[in-house]
Amino acid sequence: MAMQKIGKMNLKNSGGFVARIQYSYMDDSGEKHLTKQSNDITLGQSKTIAPDELGVPDGSMIYMHAFVVWGTDNEARRAFIFEKGNTTTANYNISGTTLNNDLGLIDVS
């Protein structure tokens, strides 16, 4: 089965901490990289960001990486292919506490 292509990812913060969107992606040689981080997302807020805004090259295999300020980061298990201009969004939710949080894919729309 081919990996699904997306153009953006959304993160909703349902946890008692500050989170930031960060992506991990694989380069052409198979090496994994982390991008820079988005601005803060506080409790109850959501943010949608196209991966290229944080430095992901078009066509890369990417994962949502939720950076948790003063806590334990969390990375999604499901990978997508980033396609610049694609209108499909992968929607995630992070909840819990700084040291014990859960990151889950809600839907792809």
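See above for the structure.
Keep in mind that what you see is a predicted model, and the values were worked out from it rather than measured.

**Q** Help me out: how do you make sense of the pairing of strand S9 (residues 89-96) in this one?
**A** Each regular strand displays side chains that alternate between the two surfaces of the sheet. Where burial is concerned, most of S9 is hidden: six out of the eight residues are buried. Between S9 and strand S10 (residues 101-108), which pair antiparallel one after the other, the connecting turn spans four residues.

**Q** Would you mind showing me how to read the pairing of strand S3 (residues 19-26) here?
**A** Extensive coverage of S3 is indicated by the burial of six of its eight residues. In this structure, S3 lies alongside strand S6 (residues 61-68), joined through eight bridges in antiparallel fashion. Considered in S6, the bridge of Met26 is made with Met61. Where S3 meets strand S4 (residues 32-34), three bridges bridge the pair, whose relative direction is antiparallel. In the strand pairing of S4, Tyr25 is matched with His33. As consecutive antiparallel partners, S3 and S4 are separated by five residues, and within that stretch Gly30 has a phi angle of approximately 85°, a positive value.

**Q** Honestly, the environment of Asp52 in this entry has me stumped. Any pointers?
**A** Relative to the helices and strands, Asp52 is located in the loop between strand S5 (46-49) and S6. Residue Asp52 is classed as partly exposed on the basis of its relative accessible area, which comes to 28%. Counting along the chain gives 43 residues from Asp52 to Ser95, while the straight-line C-alpha distance between them is 25 Å.

**Q** Please explain the side chain of His65 as it appears in this structure.
**A** Inspection of the secondary structure puts His65 in strand S6. A distance of 3.3 Å separates polar atoms of two side chains, one belonging to His65 and the other to Asp73. Each residue touching His65, except ones within four places of it in the same chain, is listed here: Arg20, Ile21, Gln22, Tyr23, Ser24, Leu34, Asp73, Asn74 and Glu75.

**Q** Is there a simple way to think about unusual backbone geometry in this case?
**A** If a residue is not glycine, its phi is most likely negative; likewise, a peptide bond is most likely trans. We note that Trp70 has phi near 60°; this positive angle belongs to a residue other than glycine. Along the chain, Trp70 falls in the loop between S6 and strand S7 (74-75).

**Q** Sorry, what's going on with the nonpolar core here?
**A** Nonpolar side chains in soluble globular proteins tend to end up buried together. The biggest cluster of nonpolar side chains holds 23 residues, and the ones touching the most others in it are Met9, Leu11, Met64 and Tyr92. Only strand S2 (8-15), S3, S6, strand S8 (80-82) and S9 provide two or more residues apiece to this core. When sequence neighbours within four positions are dropped, the list of residues in contact with Met9 reads Ile21, Tyr23, Lys47, Thr48, Ile49, Ile62, Tyr63, Met64, Phe80, Thr89, Ala90 and Tyr92.

The rules behind each value
Residues numbered from 1 in each chain as written. Predicted model: local features only at pLDDT ≥ 70, side-chain atom pairs only at ≥ 80, totals over all residues. Heavy atoms only, no water. Buried < 20%, exposed > 50% of the residue type's maximum accessible area, 1.4 Å probe, protein only. Helix = DSSP H or I, 4+ residues; strand = E, 2+ residues; numbered from the N terminus. Pairing = 2+ DSSP bridges. Polar contact = N/O pair within 3.5 Å; in protein donor to acceptor, adjacent residues only side chain to side chain. Contact = heavy atoms within 4.5 Å. Core = buried A, V, L, I, M, F, W, Y, C linked by side-chain atoms within 4.5 Å.

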